[in-house]
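Remarks on the overall topology
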Amino acid sequence: MPFVERGETKIWYEEHGTTGFPVLTLAPGGMRSAIPLWEKAAINPLTAYAGQYRMIAMDQRNAGRSAGPLETGDPWGGYARDQLAVMDHLGIDRFMVFGCCIGGPFILKLIEQAPERVVAAVLEQPVGIIPANRELFDHLWEDWRDQLLDKRDDLTGEEIETFATAMWAPDFAVSVTREQVRGFATPMLVLPGVDEPHPAETGREIAELAPGATKIEPWKDEAHVGAATEAAGAFLREHVPAG
């Protein structure tokens, strides 16, 4: 079974393709981020670029088939350590990342934690917190809590609430600060969101702050999504390291 075990944490992963440069994919779905939810994304890299890369997909901790403790003191860092553990398990040092929704903050945390390993990244409709959606994120995790309580008798609702509120307490891109993003040299392609959980202004601000970032707008409507898919594919090809 394709699990990576690290202490009490057990992460499910899959490989889609065995040739080409490695691309870690981080699925949408908020705290329920799991491989099948790629099917709901406007651009699904597992199908859009099938056969071109060694694609690695994973269920995030306490989503899908993955499970582990709640790292209340460092929620985003815990996820990043899981993601890097999967790549270490596979013997992959440097890789690109393609993330959707919560995959945006995941990517930014990875770049903060391991900038030498992330070659380039695509952020598809990254989540972000602005004054207009603050209340939404104060409660968005509650369905995840209820599902987790149904599966885990070692956790309480209070423990999960402490973790989730710590995770979503910051604003902007949530997992990192604006000042940190200003220091990110990693090439990034940002496709800003168009709805309340994925505010366009957050994606735009990431692209404006990060020296190595560019953005595509509009992209998600039927008239543009095909061209955006091709542009993201061209971005990935452009940043595959020589040799």
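Keep in mind it's a predicted model, so treat the numbers as computed, not measured. (Residues numbered from 1 in each chain as written. Predicted model: local features only at pLDDT ≥ 70, side-chain atom pairs only at ≥ 80, totals over all residues. Heavy atoms only, no water.)

When helices and strands are tallied, the protein chain shows nine helices and eight strands. A compact globule built from 243 residues would reach a C-alpha radius of gyration of about 18 Å, and the protein chain, at 17 Å, matches this within 12%. When its C-alpha atoms are laid out on the principal axes, the protein chain stretches across 45 × 45 × 35 Å. Put simply, 75% of the contacts in the protein chain that link residues at least 6 apart link residues at least 24 apart. Roughly 10400 Å² of accessible area belongs to the protein chain as shown, and the carbon and sulfur atoms make up 50% of that amount. Charged side chains in the protein chain number 21 positive and 37 negative. The centres of these two groups are separated by 4 Å. (Helix = DSSP H or I, 4+ residues; strand = E, 2+ residues; numbered from the N terminus. Rg over C-alpha atoms; globule rule 2.2 N^0.38 Å. Contact = heavy atoms within 4.5 Å. Areas by Shrake-Rupley, 256 points an atom, 1.4 Å probe, with all protein chains shown as cover. Lys, Arg positive; Asp, Glu negative; His and termini not counted. Charge placed at Lys NZ, Arg CZ, Asp CG, Glu CD.)

Below, the discussion takes up the packing of helix H2 (residues 75–89) against helix H6 (residues 157–167). At a minimum axis separation of 8 Å, H2 and H6 run at an interaxial angle of 90 degrees. By the angle between their directions, the pair H2 and H6 is classed as roughly perpendicular. Here H2 contributes Pro-75, Trp-76 and Tyr-79 to the contact with H6, which in turn contributes Phe-163, Ala-166 and Met-167. (Axes fitted to C-alpha atoms, helices over the stretch in contact; angles between N-to-C directions. Parallel < 35°, antiparallel > 145°, perpendicular 65-115°, else oblique.)

Moving on: the state of the cysteines. Here is the idea: a disulfide is a covalent bond, and it sits between the sulfur atoms of two cysteines. Applying the stated criterion across every chain yields a total of zero disulfides. Residue Cys-100 stays outside any disulfide, its sulfur separated by 5.9 Å from that of Cys-101, the closest cysteine. For Cys-100, a relative accessible area of 1% gives the class buried. Assessed through its relative accessible area of 9%, Cys-101 is described here as buried. (Disulfide = S-S within 2.5 Å. Buried < 20%, exposed > 50% of the residue type's maximum accessible area, 1.4 Å probe, protein only.)

Once that is clear, we can look at the pattern of salt bridges. Any two side chains of opposite charge can pair, on the condition that their charged atoms come close. In total, this model carries 19 salt bridges according to the counting rule given. Note that Arg-6 is salt-bridged to Asp-82, the shortest N-O span being 2.6 Å. Placement of the pair is Arg-6 in strand E1 (residues 3–6) and Asp-82 in helix H2, with a sequence separation of 76 residues. Note that Glu-179 is salt-bridged to Arg-182, the shortest N-O span being 3.0 Å. One end of the pair is Glu-179 and the other is Arg-182, both in helix H7 (residues 178–182) and three residues apart, which spans about a single turn. A relative accessible area of 41% places Arg-182 in the partly exposed class. One connected set of salt bridges, linked through shared partners, spans Arg-6, Arg-61, Glu-71, Asp-74, Arg-81 and Asp-82. (Salt bridge = Lys/Arg side-chain N within 4 Å of Asp/Glu carboxyl O.)

Of note, Ala-57 is situated in strand E4 (residues 54–58). As for Ala-57 and Trp-12, which are separated by 45 residues in sequence, their C-alpha atoms are 8.7 Å apart. Apart from the residues lying within four places of it in its own chain, the contact partners of Ala-57 are Trp-12, Tyr-13, Glu-14, His-16, Thr-25, Ile-35 and Leu-46.

Turning our attention to the pairing of strand E3 (residues 22–26). Along E3, five of the five residues are buried, which leaves the element largely enclosed by surrounding structure. Sheet topology note: the E3/E4 ladder contains four bridges and is parallel. Each bridged residue has a counterpart across the sheet, and for Thr-25 the counterpart in E4 is Ala-57. (Pairing = 2+ DSSP bridges.)

Residue placement: Glu-161 occurs in helix H6. Spatially, the C-alpha atoms of Glu-161 and Thr-72 are 9.6 Å apart, while their sequence positions differ by 89 residues.

Put simply, Glu-217 and Pro-218 share a cis peptide bond, and its omega is -15 degrees. Structurally, the position occupied by Pro-218 is in the loop between strand E8 (213–215) and helix H9 (225–238). Positive phi outside glycine occurs at Cys-101, with the angle close to 65 degrees. Structurally, Cys-101 can be placed in the loop between strand E5 (95–100) and helix H3 (103–113). The phi angle at Gln-125 is positive, at roughly 40 degrees, despite the residue not being glycine. Examined against the element boundaries, Gln-125 turns out to sit in the loop between strand E6 (118–124) and helix H4 (134–139). Residue Gln-125 is classed as buried on the basis of its relative accessible area, which comes to 8%.

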